[in-house]
Amino acid sequence: MKAKPNSNGGTASSLPKLTVTLFLLVTLLSVEHTLASQCITQDSLRFDCYPEQGSTRQKCEDRGCCWREPSASVAANLSATTAVPYCFYPLDYPTYSVKALVETNFGYRADLVRSTKTYYPKDVMHLRMDVLLETDNWLHFKIYDPNNSRYEVPIETPMFTNKSTSPLYTTEFGKVPFSFQVRRQANQMLLFDTSVSNLIFTDQFIQISTRLPSSYLYGLGESYESLLLDLEWKTKTMWTRDQHPGPDTNLYGAHPFYMVMESDGNSHGVFLLNSNAMDIVLQPTPALTYRTIGGILDFYVFLGPTPTEVVQQYLDVIGKPFLPPYWSLGFHLCRYGYKTANRTLEVVERMRAANIPQDVQWNDIDSMDGFRDFTVDPDTFSSLPSVIDNLHMHGQHYVVMLDPAISSTQPKGTYPPFDEGVAKDVFVKNATGDILIGKVWPGESAYPDFTNNVTHQWWTNQISKFHQLVKYDGLWNDMNEPSDFVFGSVDGCPFNNTYEMPPYMPAVRGGALQESTICASAQQAWSLHYDVHNLYGYSETMATHMAIEQALNKRAFVLSRSTFSGSGKYTAHWTGDIGSTWQDLYYTLPAILNFNMFGIPMVGADICGFEANTNEQLCQRWQQLGAFYPFARNHNSLHSKDQDPTVFSKAMQDSTRKALLIRYSLLPYLYTLLHRAHQGGYTVARPLFFEFTKDLTTYSIDNQFLWGESLLISPVIVENATSVYAYFPNDRWYDYYTGSQVETGWKTLHAPMDTINLHLRGGFILPTQEPDMTTTASRKKKFGLIVSLSADNKANGELFWDDGDTIDTFDKGLFEAIMFSAANNSVTSSVKRDGYPDAGSMLLGNARILGVQGIPTKVTANGNPVQFEYDIMNKVLNVTGMSLPMRKNFNITWS
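Residues numbered from 1 in each chain as written. Predicted model: local features only at pLDDT ≥ 70, side-chain atom pairs only at ≥ 80, totals over all residues. Heavy atoms only, no water.

Draft legend 1. Spotlight on empty space enclosed by the protein. Tallying each qualifying case throughout the model produces seven cavities of 30 Å³ or more. Within this model, the largest cavity holds a volume of roughly 100 Å³. Around the largest cavity, the lining residues are Glu222, Ser223, Tyr224, Pro245, Leu251, Thr575, Ile578, Asp584, Tyr587, Thr588 and Ala591. Residue composition of the lining of the largest cavity, by class: six nonpolar, three polar and two charged. (1 Å grid on protein atoms, 1.4 Å probe; cavity = no way out; pocket = protein on both sides within 12 Å on 5 of 7 lines; lining within 4 Å. Points joined across faces, edges and corners; volume = space filled by probe spheres on them. Nonpolar A, V, L, I, M, F, W, Y, C, P; charged D, E, K, R; others polar.)

Draft legend 2. Expanded view of the sheet that holds strand E4 (residues 107–113). Taken together, eight strands build an open sheet; the order of strands is E3-E4-E5-E6-E18-E15-E14-E12 and the sheet is antiparallel. The sheet terminates laterally at strand E3 (97–103) and strand E12 (216–221), the two strands that pair on one side only. For this sheet the average axis-to-axis angle between neighbouring strands, irrespective of direction, equals 15°. Here E4 runs beside strand E5 (residues 126–132); their pairing, made up of seven bridges, is antiparallel. Bridge assignment links Val113 to a residue of E5, and that residue is His126. (Pairing = 2+ DSSP bridges. Helix = DSSP H or I, 4+ residues; strand = E, 2+ residues; numbered from the N terminus. Axes fitted to C-alpha atoms, helices over the stretch in contact; angles between N-to-C directions.)

Draft legend 3. Representation of helix H13 (residues 650–665) within the structure. The end-to-end C-alpha separation of H13 is 22 Å, in line with the 22 Å expected for 16 residues at 1.5 Å each. When we look at burial in H13, the residues that qualify are Met652, Gln653, Ser655, Thr656, Arg657, Ala659, Leu660, Ile662, Arg663, Tyr664 and Ser665. (Expected span 1.5 Å × (residues − 1). Buried < 20%, exposed > 50% of the residue type's maximum accessible area, 1.4 Å probe, protein only.)

Draft legend 4. Structural detail: the side chain of Ser788. Relative to the elements of secondary structure, Ser788 occurs in strand E40 (residues 783–788). If near-sequence neighbours (up to four positions away) are discounted, Ser788 is found in contact with Tyr734, Leu760, Arg761, Gly762, Gly763, Phe764, Lys794, Ala795 and Leu850. (Contact = heavy atoms within 4.5 Å.)

Draft legend 5. Looking closely at the environment of Val490. Note that Val490 resides in the loop between strand E25 (474–477) and helix H9 (529–532). Discounting residues that sit within four places of it in the chain, Val490 has contacts with Ile437, Gly438 and Glu444.

Draft legend 6. Looking closely at the state of the cysteines. Scanning all chains against the criterion turns up five disulfides. Across the disulfide, Cys39 is cross-linked to Cys66 (sulfur-sulfur distance 2.0 Å). Linking Cys39 and Cys66, the disulfide has an S-S dihedral of approximately -85° and is accordingly described as left-handed. Taken as a pair, Cys39 in the loop between helix H1 (15–38) and helix H2 (57–62) and Cys66 in strand E1 (residues 66–67) lie far apart in primary sequence, 27 residues in all. There is no split in this pair, since Cys39 and Cys66 are both buried. Covalently, Cys49 is tied to Cys65 through a disulfide, its sulfur atoms 2.0 Å apart. Residues Cys49 and Cys65 are joined by a disulfide whose S-S torsion is about 65°; by sign, that bridge is right-handed. With a gap of 16 residues between them, Cys49 in the loop between H1 and H2 and Cys65 in the loop between H2 and E1 connect regions that are remote in the sequence. (Disulfide = S-S within 2.5 Å.)

Draft legend 7. Spatial organisation of the packing of helix H11 (residues 582–597) against helix H12 (residues 616–626). Between H11 and H12, the shortest axis-to-axis distance is 10 Å and the interhelical angle comes to 10°. Here H11 lies roughly parallel to H12, going by the angle between them. Side by side, H11 and H12 meet where Trp582, Asp584, Leu585, Thr588 and Leu589 of the first sit next to Gln617, Leu618, Arg621, Trp622 and Leu625 of the second. (Parallel < 35°, antiparallel > 145°, perpendicular 65-115°, else oblique.)

Draft legend 8. Examining the pattern of salt bridges more closely. Under the counting rule described, the total for this entry stands at 38 salt bridges. Across the pair Arg57 and Glu61 runs a salt bridge, and its minimum N-O distance is 3.4 Å. Of this pair, Arg57 and Glu61 are both found in helix H2, four residues apart, which corresponds to roughly one turn of the helix. Because the salt bridges share partners, they merge into one network encompassing Asp242, Asp478, Glu481, Arg561 and Asp577. (Salt bridge = Lys/Arg side-chain N within 4 Å of Asp/Glu carboxyl O.)

Draft legend 9. Quick peek at unusual backbone geometry. Here the amide bond leading from Gly221 into Glu222 is cis, since omega sits at 15°, within 30 degrees of zero. Of note, Glu222 is situated in the loop between E12 and strand E13 (234–238). Here the amide bond leading from Gly304 into Pro305 is cis, since omega sits at 15°, within 30 degrees of zero. Its place among the elements puts Pro305 in the loop between strand E18 (297–302) and helix H4 (307–318). Residues other than glycine seldom take positive phi values, yet Asp248 does so here, at roughly 55°. One can find Asp248 in the loop between E13 and strand E14 (255–261). Of the residues examined, Asp248 reaches a relative accessible area of 55% and is grouped as exposed. Unlike most non-glycine residues, Phe371 shows phi in positive territory, near 65°. Relative to the helices and strands, Phe371 resides in the loop between strand E20 (360–363) and helix H6 (384–393).

Draft legend 10. Focus on the environment of Ala341. Of note, Ala341 is situated in helix H5 (residues 341–353). When its relative accessible area of 0% is taken as the criterion, Ala341 is described as buried. Once the C-alpha coordinates of Ala341 and Leu384 are considered, the two residues, 43 residues apart in sequence, prove to be 5.3 Å apart. Once residues within four sequence positions are removed from consideration, Ala341 is found in contact with Thr380, Phe381, Ser383, Leu384 and Val387.

Draft legend 11. Region of the structure containing the pairing of strand E16 (residues 278–283). Burial runs high along E16: six of the six residues are buried. Of the strand pairs in this sheet, E13 and E16 are connected by five bridges, and their pairing is antiparallel. Bridging across to E16, Met238 finds its partner in Met278. In this structure, E16 lies alongside strand E17 (residues 287–292), joined through six bridges in antiparallel fashion. Within the sheet, the bridge partner assigned to Val281 lies in E17 and is Thr289. What sits between E16 and E17 in their antiparallel hairpin is a turn of three residues.

Draft legend 12. Representation of the sheet that holds strand E24 (residues 443–446) in the model. Taken together, the three strands give an open sheet; going across it, the order is E22-E24-E23, and neighbouring strands pair in antiparallel fashion. This sheet does not close on itself; its edge strands, each paired only once, are strand E22 (406–407) and strand E23 (437–440). As paired strands, E23 and E24 are joined by four bridges and run antiparallel to one another. Within E24, the position partnered with Gly438 by the bridge is Ser445.

Draft legend 13. Region of interest: the packing of H5 against H6. Where H5 meets H6, the closest approach of the two axes is 9 Å, and the angle between their N-to-C directions is 20°. In terms of axis orientation, H5 runs roughly parallel to H6. Here H5 runs over H6; the crossing is left-handed. When H5 is examined against H6, the residues Ala341, Leu345, Val348 and Arg352 are found in contact with a partner set consisting of Leu384, Val387, Asn390 and Leu391. (Left-handed = near helix turned anticlockwise from the far one by under 90°.)

Draft legend 14. Region of interest: the nonpolar core. Residues Met129, Leu217, Tyr258, Phe628, Trp707, Leu711 and Ile892 are the most contacted members of the largest nonpolar core, which totals 188 residues. Among the elements that make up this core, the one with the highest residue count is H11 (eight residues). If sequence neighbours within four positions are ignored, Trp707 has contacts with Ala627, Phe628, Tyr629, Arg663, Leu666, Tyr669, Leu670, Leu673, Val684 and Ile713. Counting 45 residues, the second largest nonpolar core, distinct from the first, contains Phe381, Val387, Ile388 and Leu552. (Core = buried A, V, L, I, M, F, W, Y, C linked by side-chain atoms within 4.5 Å.)

Draft legend 15. Representation of the environment of Leu660 within the structure. Position of Leu660 among the secondary structure elements: in helix H13. For Leu660, a relative accessible area of 0% translates into the label buried. If we ignore the near neighbours within four places in the chain, the residues touching Leu660 are Phe331, Ile356, Pro357 and Ala627.

Draft legend 16. Expanded view of the pairing of E18. For E18, the tally of buried residues reaches six of six residues, placing the bulk of the element in the interior. Because side chains alternate across E18, one face comprises the buried residues Leu297, Phe299 and Val301, and the other comprises Asp298, Tyr300 and Phe302, equally buried. Taken together, the six bridges between strand E6 (residues 138–144) and E18 define a ladder with antiparallel strand orientation. Residue Phe141 lies in a different strand from E18, and its bridge partner there is Phe299.

Pasting the structure below:
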């Protein structure tokens, strides 16, 4: 039978259906409203839920995340490299909660659990977090799988038996959902805060985010960018690669360490001890997100509170830098393409004839026989031994290239490095256990596994035998990312495993882990190459450093292209194959400053550029700046024109000589700074904000820098410029050349083509030495002092001195340590250690005192009258004609 119509024209039987429909509609609207309320509206607070390529609304919502395109006004202002995420986490996205939290002898232990799986395979549903209160100044915490062993970086770090009793920090846990916060105890500044987004921990995708207390963020290298990092949705990828430096790409080194300047002038640092491939995403919250594809989360938070103390604390964990041999502080010259040993010597002789200082001559791979390690080309470089003898006779030194890959194609018995390596089983294996063969300069090649101690013994043996043929003084480790000219290996890689094709691919150049390197599934002693790729250069330089010390019984000098946290213990670094452009010139400045923060103070760049042809103006300005790189080397590529200073005009040669003679006169100061870095973890080249922590203007300056606390370098880095717009923080400053006082603030400085602007900070004393054409000759000359008086007419300084070659002179006590001070119209010295065997030859010949207000009528040294001149206009007192034994305390007084 039919149903009766109701008063609304419907039927009685349709009423329940309408009620259900309305109920469902209301319910759906309510759910959408609830979801919308959990979706953040502010762009800067979004945390990416779909970092892979190809996100869509459907894919995003399948992950339970929010989808919202940026507003039209925001989108219009986005740059091509900006990536505000369309897909982002809702506030209530499922994550871990704290199941148990207990106090331990070392701090705290928390068990973290989750009930909902993520969108990546193999979730670790139960995690453990150990919070270790290791020192008053730093906190160490680890998040790991307590039920399954996972790879951890096998770098030695400090061990502690007790927890800190007076930490400068406090910690807080959020239980549901899990979060972890670190605060500075003195002012409750929030330094590390994971509550901004959720923790994900799967077998091959680990993600954690932290809010930053300010936007003044530094570090996270190796990169080609300004010192102050851009937080506008930038991704920094760490997977070491043979890659010409350029923006927004992974480069030669991996340094997952950052520093933040806080709003009150304090600073802190954070180090993630993880060597797997990773992305670190910076966003304007300000915040950053780590995404790594292996290992564990192993964090250190350094409380500083000064930038210098942050770096010192960081280096207490990863290791302090090596002390280089003194000769390596001189000027170095190299190029790929000398082509013969005789032509190499011709360039050295041109430098001598031009009276331009040079300490070290280098050769690239063109000196090798068929580009094979431990060989010399018998035709074009047969005279190399005599060339090296010539260098040594003139007090100069020699460094040669040593790439890691060993040629594998020679007939058996004809190339001992490979034959002996096979016999000792030292090479990296592929997934099936055979020697992995890649292709580099010598053709098909095998890769030594430097994480194997047996490889160290084999490497040392090869280096020792090579020294019998080539009397090198240092070695150059290039191509050690490691580089491979084929994709993974000559046999390819097994793409049926998740090591070659992980669930998440970081933003590596080329979109594949095997791009320009060996297979991720390759086997090494420490772990799969997937885990230790970023440590290849680190492990090679460790082996090379120890091998040189054994072969030469002298202090080692190693230069490496690829680096990791802690590499500074073993090696110097240069910034790789940069271009010959003004932009490249500028970007060397933040690079040098970053690597000092990374614990590698002996760092430089290829002066005048490596790729393409330089020009005279660029090279002239670069030689001036390069004279103040801690490591100063001119080097260029095979198809470029010669660019040593002697191929340019007389004016260019004069300018280079002038800059290098200043460098050589300041080498006692530079060496003392490197000693302080080696013993105390100090930086050598440092940004201005390291010294002027309360001056906000200094936070973004990277076109000026300091040597130590006191020497300010303001180079020309713009084409055709004859002036520099430079900043002088609030202190007393003197012009290096005239000694005149400079007012503080922003100043336009005259910068003629023959001059780099240098200034001295009041309150410091710099030890100097009369310069010569080599450090060998300079070390025989008299010392001097530059005394820059502060506003209250005081100054202090120091000198560390040893023979420059012997290993561990500090531990053996074979050094001079002298402190200098100025006050009350006098400069005095105090010998703190008299252990240098040849200290009797150390004589002070002169002192230059800046800021002397009254006109002196009498100057004495140890009570005896001495020669002096006084510049009334600039208020500079020059004391000359002295021969004061420096191993004894002295006093210079004026009245």
